[in-house]
Amino acid sequence: MSPAIGAALDRVDGRAKVTGAARYSGEISLPNLSHAVLVGARIPSGRIIGIDCREAMVADGVLAVLTHLDLDRVAATPKLFPSLAGLTAHGQSFFPMQDDVVHYAGQPVAIVLADTLERAEHAATLVQVTYAETPSVTLLDAGRDRAYEPEKIFGGLVPGRNPTRGDPEAALRDAELNLDLTYRFAVNHQNPLEPSTTTAAWDDNDRLTVYDSTQGPTATQLSVAELLGLPPINVRVVSHYVGGSFGAKALIWPHVTLAALAARRIGRPVRLALSRDQMFHSCGHREEQEQRIRIGAGRDGRLTALTHDKISLTSHFDDWAETSLESAAIAYASPTYAGGYRLVRGNIITPTFTRGPGEATGMFALESAMDELAYLTGIDPLELRLRNHADNDPDTGKPWSSKGLKECYQRGAELFGWSDRDPEPGTRRDGQWLIGTGMATAAYPVAAPISPQRARARMYGDGSAVVEAGISEFGTGALTAMTQVAADGLGLPVHRVRFVGGTTDLPNIAAAVGSAGSGATSSAVHLACVQLRDQLIRHAVADQGSPLHGADPDTVVVRDGRMCRRDSPEVGETYHELLDRNHMPDVEALGTWMPVLPMGSDHAMHTFGAQFAEVAVDADLGRIRVRRLVGVFAPGRVLNRKTAHSQLMGGMLWGLGQALLEATRMDPHTGRYANENLADYLVPVNADAPDVTIETIEVPDSVVNPLGVKGVGEIGIVGTSAAIANAVHHATGRRIRELPITLEHLL
Amino acid sequence: MRPVSYSRVADVATAIGTVAADPGSAFLAGGTTEVDLQRIHVSRSRRLVDINDLPLRQIEELPGGGVRIGALARMSDVAQALPIRRRFPMISQALLLGASPQLRNMASIGGNLMQRVRCGYFRDVVAPCNKREPRTGCSALHGVNRGHAVLGTSEHCIATHPSDVGVAFMALDAVVLTQGPGGQRQIAIDDFYLVPGDRPDREHPLAHGELVVAIEVPPTPMASTSLYLKVRDRESYEFALASAAVAISLHDGTIDDVRLALGGIATKPWRARRAESVLTGAPATPETFTSAAEAELADAIGHGMNDFKIELARRTVVRALRMVTGDPQLHDGMAEGLLSEDGSGPADGSGPADGSGS
Ligand SMILES: Cc1cc2nc3c(=O)[nH]c(=O)nc-3n(C[C@H](O)[C@H](O)[C@H](O)COP(=O)(O)OP(=O)(O)OC[C@H]3O[C@@H](n4cnc5c(N)ncnc54)[C@H](O)[C@@H]3O)c2cc1C
Ligand code: SF4
């Protein structure tokens, strides 16, 4: 039996998804279901001075209109906390509809409930809200003079300044070469295909079931329970299928609890589906930000100093910045380093995770600057990176748990055909198209939950097994990959194993965020299955009726559901034979993985990769088209070649979008985004997708987790935008230090 | 969505009568604009009169080389029709470069001519907008106006007219045939689109209840080698940042006759008459093309984010003229919008990314 792990197994839920049998949170039909529509504040800042609901109340089908005047108060003030911790995971430290103050446009000010969605939508337009508006800040520039240095960011988990190494200012003064570059980033939104949706149903007055589109069922459970003042045992969360998330559903936003409050008020189940435009102001975003990089280097290209400072627009309630400095700080062996965050308070919802959170922007800045250094020194960009390769973690001096970056560079360069590149910018033409190539390093921290991760494995008497853990499937392929992990752990073929997730009734797993989902879940699943297998083997060797009686358990292996002696495979029996003979209907085991925390480890843990891009720029019209992308990554063990490849490709194409298209545009006069729809917020379409080549280098890693899984969710996007921007420079000779790069930059 | 009554009519007279009788009513064709705007409460029609059963779908060749396109012919059908592909490739290309295949299968030509602007403030019911609600102001003037117009604007409205095929019709001097409570009319396409002036809410000279029944394109022999160039941020499913429909007739390197209209940059599909007069009789050289482009854009006004469109429009004009005159320095097969032999789509995905799509 060849191992299931690594195989390109088709998605186990593929058929259910394409036939429509898969049920998403907005497709749960319950008797008496009613529909909620949120009314959002029209202004970014001020007070509500009047709400007239009379017309809405009498509209056909309307069941209730709730405002801050009559909505129940929540039992606790939410506190922003990243869901990886496995605890409550509120998206922001503010809950709306508790008073008359408006902090950001789109903040919920009323909930309309009706018997159909259309009637609720209509009645929502009839709610008349009057405001007393006060001045607002919605752009970074408008509040720049009031920027401050937060003590901590990211829910208090990350210090406002990174540890400093050496004396970077002195090193900059002494450096032969200096670069001082500033990069600007547009607001980005996650735009999952399925807008966030919650269906809430109360059993009796204090037991709640929440069908939620979430990256972490337990995160929803704990967060909602806290706000409702209920013990977690009273809140059950079901989340079988989620139509993408990309960070939008990583934390728990107010609409989830609002749905529960509304359902309790009207005594009927409530479905609350955010509309596409509401998705732009209800679940956070990648914040507007600016990053400054200063590099000191010798003429030989070796870094002597690196500083990296970032300023972000955050909300009035939270010190949030995506953590953009982490990978850039350790990507190269610079002997000196300093970096820190500054924030500006604005009238916006608290920003949040967006794919490749932090590093997708931080590595754009660093890798664009490295390309500038390559041109300054006349050193090939790839050679420059090799010269600065960090053999150990430059911050702590610890060895890497695994790295593989040099292999990624080498293989990427081969696949791309990098070696005969002419460095001169603006010289290659194909008709009216200017052709250029660029590369960048990809890096992403290996994150792990801080709580124990659990899974349960049960084998039935016939030798088939069900393995459970409370994860949701939001498109990553987790159900499929975990089936493979379970099959190998138990020594069963994949069709004899069913992996089940999707509810809080199952063993607890933290939300799958920060590329940590497959590492955390696979560890718990693997441990549960190995535990169960060992239990069965021990049973067999102790059983006088077993051919394995008396064998040393360490010499027994399992293949295809049959336990046998490693040295004489003809001696053995199947799980089924063992269980049947002993009249055992089933056997169960729980697997618990206690994650390794970076601080407590002797190793530094990071994922690396190399990105290459070829672009064509229309010399007259400025249009940029990406012709080729090559990405080679070292994500530790790959659980499923096909789904991993899809994840990486999705990330790279998103990087293309980040580089050339994606921008949510704030109108400072209205304090609202002016393009809250998918016709004006541009993401790449199929016709924009170039030829994408992806390979993975499997680096063994015995530190990060039992299977050595570093994750593929985020690394694919990191570095793509820099490789593209560097290629644009190579094509045109123009440096664009702003994302997205659009044709007006190149006219 | 607002409560709305819906009826389906089978003949033109009933259609006109029903809509004319009720000021709160509107025709419903493919619904890709109307239903959209209903759902976001910008269109506030109380009654939708479905005209899809009216016999207005034919695409007919007219004696002499013109065509007549029924108002309910679908964008995809018009794009594929042989007479259109042979005689007026720019129409076919303009259609295929617009929207998406699904939308083109639903959307009608009449509806396309009547589609509303894509200005974000027009579509955001709570923002001041003179077009949606006269005399409330124009949020776009100092707002997010990257997609807005640089020609034909007024201080009251700067919204770009979004239609692609309208640009081709403008270049070809098409005529819009209507039938309304007041009888039948033939409206020259240039008169069918109004610039905003101080009445941005008025986009067409049509009476309420007046139905577009067909578009006639007069014979234009030089249009058989015409083209439509559309410049935008992504390869598909996006309105134009700038576009040009062009047909040309050359004699010994001199321009005998030319038709040029621009899209994506003006408040109506924009006939480039100044450029045409510079071009006519001049040698077909890049210098001529540049002076023509400059003449046409001389009065253009930017409003900040869209300033770049003035230069982009100039370059789009020059590029389209180079393409239609077969400039050998342009990369073969990358000439945007040129149809492949079977007319099934742009020759190579309209650019270096070798993708599919519209
Ligand atoms: C996402 C998206 C992308 C798009 N991209 C493009 C693009 O790139 N290029 C482009 O050109 N267009 C684009 N469009 C617009 C599309 O082409 C129009 O929505 C479509 O052509 C309208 O036709 P319809 O039959 O659906 O009209 P409807 O929506 O039915 O009607 C539109 C309006 O015209 C009126 N009307 C319809 N028929 C008649 C008639 N015969 N006489 C009088 N009035 C009539 C209706 O009352 C209504 O006011 C896009 C649309 C969408 C939604
Ligand atoms: S440009 Fe026209 S449509 Fe847009 S806000 Fe101004 S008036 Fe309204």
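Note that the structure is predicted; figures quoted are calculated from it, not measured.

### A closer look at the overall build of chain A
For chain A, the helix and strand inventory stands at 16 helices and 31 strands. The C-alpha radius of gyration of chain A comes to 27 Å, within 12% of the 27 Å expected for a compact globule of 747 residues. The C-alpha extent of chain A, read off along each of the three principal axes, is 80 × 70 × 50 Å. Burial analysis of chain A (747 residues in total) assigns 65% to the buried set. Of the contacts made within chain A by residues no fewer than 6 positions apart, 81% connect residues no fewer than 24 positions apart. Of the accessible surface of chain A, which amounts to about 25,300 Å², a share of 50% is contributed by carbon and sulfur atoms. Charge separation in chain A, taken as the distance between the mean sites of 68 positive and 87 negative side-chain charges, equals 0 Å.

### Some words on the nonpolar core
Residue and element names in this part refer to chain A. I111, L208, I295, L366, V615, L660 and I724 are the most contacted members of the largest nonpolar core, which totals 143 residues. Element by element, the count of residues in this core is highest for helix α9 (residues 359-377), at 9 residues. In terms of nonpolar packing, the next biggest core, distinct from the first, is built from 43 residues, A481, A524, V541 and V709 among them.

### Topic: the interface of chain B and chain A
In this complex, chain B contributes 44 residues to the contact, which on the side of chain A involves 38 residues. Roughly 3,600 Å² of surface becomes buried between chain B and chain A when both sides are summed, with 56% attributable to carbon and sulfur atoms. Across the contact surface, chain B and chain A share 7 salt bridges. R625(A) serves as the salt-bridge partner of E235(B), at 2.6 Å between the closest nitrogen and oxygen. Inspection of the chain B/chain A interface yields 14 residue pairs in polar contact (both at pLDDT 80 or more).

### Section: the site of ligand 1
Residues and elements named next belong to chain B. Close to ligand 1 lie 32 residues, the nearest being F27, T32, T33, S108 and D164. At a separation of 2.7 Å, an oxygen atom of ligand 1 approaches a polar backbone atom of G30. Here an oxygen atom of ligand 1 and a side-chain polar atom of N112 are 3.3 Å apart. For ligand 1, the accessible surface in isolation is 970 Å², of which the surrounding protein chains cover 94%. Secondary structure elements with two or more residues in the shell around ligand 1: β2 (25-28), α7 (109-114) and β8 (211-217). For the shell around ligand 1, the class distribution of residues is 16 nonpolar, 10 polar and 6 charged.

### Quick look at the packing of α9(A) against helix α16 (residues 720-732) of chain A
Residues and elements named next belong to chain A. Direction vectors running N to C along α9 and α16 enclose 30 degrees, while the axes themselves pass 8 Å from each other. Along this stretch, α9 crosses α16, giving a crossing that reads as right-handed. Here A360, M363, F364, E367, S368, D371 and Y375 of α9 lie close against α16, whose contacting residues are S721, A722, A725, N726, H729 and H730.

### Quick notes on the UniProt feature "domain: FAD-binding PCMH-type" (unreviewed entry) in chain B
Feature annotation in UniProt places "domain: FAD-binding PCMH-type" (unreviewed entry) on residues 1-222 of chain B, given in this structure's numbering. Between the C-alpha atoms that bound residues 1-222 of chain B there is a distance of 47 Å. The span itself is 27% helix and 18% strand.

### Some details on helix α5 (residues 89-96) of chain B
Every α-helical turn comprises 3.6 residues, leaving residues that sit three or four positions apart pointing alike. With 8 of its 8 residues buried, α5(B) lies for the most part within the structure. What α5(B) keeps buried is the set P89(B), M90(B), I91(B), S92(B), Q93(B), A94(B), L95(B) and L96(B).

### Digging into the sheet that holds strand β4 (residues 101-102) of chain A
Residues and elements named next belong to chain A. Taken in spatial order, the 3 strands line up as β4-β2-β6 in an open sheet, and their pairing is antiparallel. For this open sheet the edge positions go to β4 and β6 (128-133), each flanked by a neighbour on one side alone. Examined bridge by bridge, strand β2 (residues 46-52) and β4 share 2 bridges and lie antiparallel to one another. The partner of R47 across the bridge, within β4, is V101.

### Focus on the domain arrangement of chain A
Residues and elements named next belong to chain A. Considered domain by domain, chain A is made up of domain 1 (32-135 + 193-244 + 249-280), domain 2 (146-188 + 285-447 + 600-746) and domain 3 (452-595). Each of domain 1 and domain 3 was reduced to a C-alpha centroid, and the two centroids are 40 Å apart. If you look at the interface, domain 1 gives 19 residues, while domain 3 gives 18 residues. Both faces considered, domain 1 and domain 3 share a buried interface measuring about 1,500 Å² in area, 56% of it formed by carbon and sulfur atoms. On the domain 1 side of the contact with domain 3, L84, Q215 and H240 bury the most area, a combined 35% of that side's loss. Counting across the interface, domain 1 meets domain 3 through 1 salt bridge. Between D505 and R236 there is a salt bridge, with its nearest N and O atoms 2.8 Å apart. Inspection of the region where domain 1 meets domain 3 yields 8 residue pairs in polar contact (both at pLDDT 80 or more). The set of elements that each furnish at least two residues to the side of domain 1 that touches domain 3 consists of α6 (217-228) and β12 (235-238).

### Details of the UniProt feature "domain: Aldehyde oxidase/xanthine dehydrogenase a/b hammerhead" (unreviewed entry) in chain A
As annotated by UniProt and renumbered to match this structure, "domain: Aldehyde oxidase/xanthine dehydrogenase a/b hammerhead" (unreviewed entry) occupies residues 19-135 of chain A. In residues 19-135 of chain A, helix accounts for 14% and strand for 30%; the two terminal C-alpha atoms are 51 Å from one another.

### A look at the sheet that holds β12(A)
Residue and element names in this part refer to chain A. Reading across from one edge, β3-β5-β1-β13-β10-β11-β12 is the order of the 7 strands in this open sheet, with mixed pairing throughout. The sheet is open, and its two borders are formed by β3 (62-67) and β12, each paired with just one other strand. Each adjacent strand pair in this sheet contributes to an overall mean axis angle of 20 degrees, direction not counted. Pairing of strand β10 (residues 197-202) with strand β11 (residues 208-212) involves 5 bridges; the strand directions are antiparallel. For T198, the partnering residue across the bridge sits in β11 and is D212. The sheet contacts of helix α3 (residues 117-126) involve β1 (34-40), β3 and β5 (108-114), and relative to β1 the element is tilted by about 25 degrees. Packing against the sheet, helix α7 (residues 254-266) makes contact with β1, β3, β5, β10, β11 and β13 (270-273), and its axis sits at approximately 35 degrees to β10.

### A closer look at the site of ligand 2
The environment of ligand 2 is made up of 14 residues, and the closest members are C119(B), C129(B), C138(B), C157(B) and I158(B). The residue inventory of the shell around ligand 2, partitioned by class, reads 9 nonpolar, 4 polar and 1 charged.

### Focus: the packing of aromatic side chains
Geometrically, a pair of aromatic rings is defined through the distance of the ring centres and the angle of the planes. Residue and element names in this part refer to chain A. Here the structure, examined in full by the defined rule, presents 16 aromatic pairs over all chains. Note on Y24 and Y241: the rings are 5.8 Å apart at their centroids and 45 degrees apart in plane angle, and the pair reads as tilted. Here Y241 lies in the loop between β12 and α7 and Y24 lies in the loop between α1 (14-19) and β1, a separation of 217 residues in the sequence. Given a relative accessible area of 15%, Y241 falls into the buried group. Ring geometry for F154 against F353: centres 5.6 Å apart, planes inclined by 85 degrees, an arrangement best described as edge-to-face. With a gap of 199 residues between them, F154 in the loop between β7 (152-153) and β8 (158-159) and F353 in the loop between β16 (337-345) and α9 connect regions that are remote in the sequence. A residue is classified by how much of its surface remains accessible, and F353, at 10% relative accessible area, is buried. Among the aromatic side chains, those forming a connected cluster through ring pairs are F94, Y104 and F317. Here the guanidinium or amino end of K403 rests over the ring plane of F608, the centre of that ring lying 4.5 Å away. The ring of F416 carries the charged tip of R628 above its face, separated from the ring centre by 4.1 Å.

### Notes on the environment of I16(B)
Residues and elements named next belong to chain B. Tracing the backbone through its elements, the reader meets I16 in helix α1 (residues 12-21). For I16, a relative accessible area of 6% corresponds to the buried category. Considered as a pair, I16 and V49 are 33 residues apart in the sequence and their alpha carbons are 9.3 Å apart. Apart from the residues within four sequence positions on either side, I16 is in contact with F27, Q179, G180, P181, G209 and L211.

Cut-offs used in this document
- Residues numbered from 1 in each chain as written.
- Chains lettered and ligands numbered in written order.
- Predicted model: local features only at pLDDT ≥ 70, side-chain atom pairs only at ≥ 80, totals over all residues.
- Heavy atoms only, no water.
- Helix = DSSP H or I, 4+ residues; strand = E, 2+ residues; numbered from the N terminus.
- Rg over C-alpha atoms; globule rule 2.2 N^0.38 Å.
- Buried < 20%, exposed > 50% of the residue type's maximum accessible area, 1.4 Å probe, protein only.
- Contact = heavy atoms within 4.5 Å.
- Areas by Shrake-Rupley, 256 points an atom, 1.4 Å probe, with all protein chains shown as cover.
- Lys, Arg positive; Asp, Glu negative; His and termini not counted.
- Charge placed at Lys NZ, Arg CZ, Asp CG, Glu CD.
- Core = buried A, V, L, I, M, F, W, Y, C linked by side-chain atoms within 4.5 Å.
- Buried area = accessible area lost by both parts, 1.4 Å probe.
- Salt bridge = Lys/Arg side-chain N within 4 Å of Asp/Glu carboxyl O.
- Polar contact = N/O pair within 3.5 Å; in protein donor to acceptor, adjacent residues only side chain to side chain.
- Near = heavy atom within 4 Å.
- Nonpolar A, V, L, I, M, F, W, Y, C, P; charged D, E, K, R; others polar.
- Axes fitted to C-alpha atoms, helices over the stretch in contact; angles between N-to-C directions.
- Left-handed = near helix turned anticlockwise from the far one by under 90°.
- UniProt positions renumbered as here; feature names shortened; annotations may be inferred.
- Pairing = 2+ DSSP bridges.
- Domains from an automatic or database assignment.
- Phe/Tyr/Trp six-rings, centres within 6.5 Å; stacked < 30°, edge-to-face > 60°.
- Lys NZ or Arg CZ within 6 Å of the ring centre and 35° of its normal.

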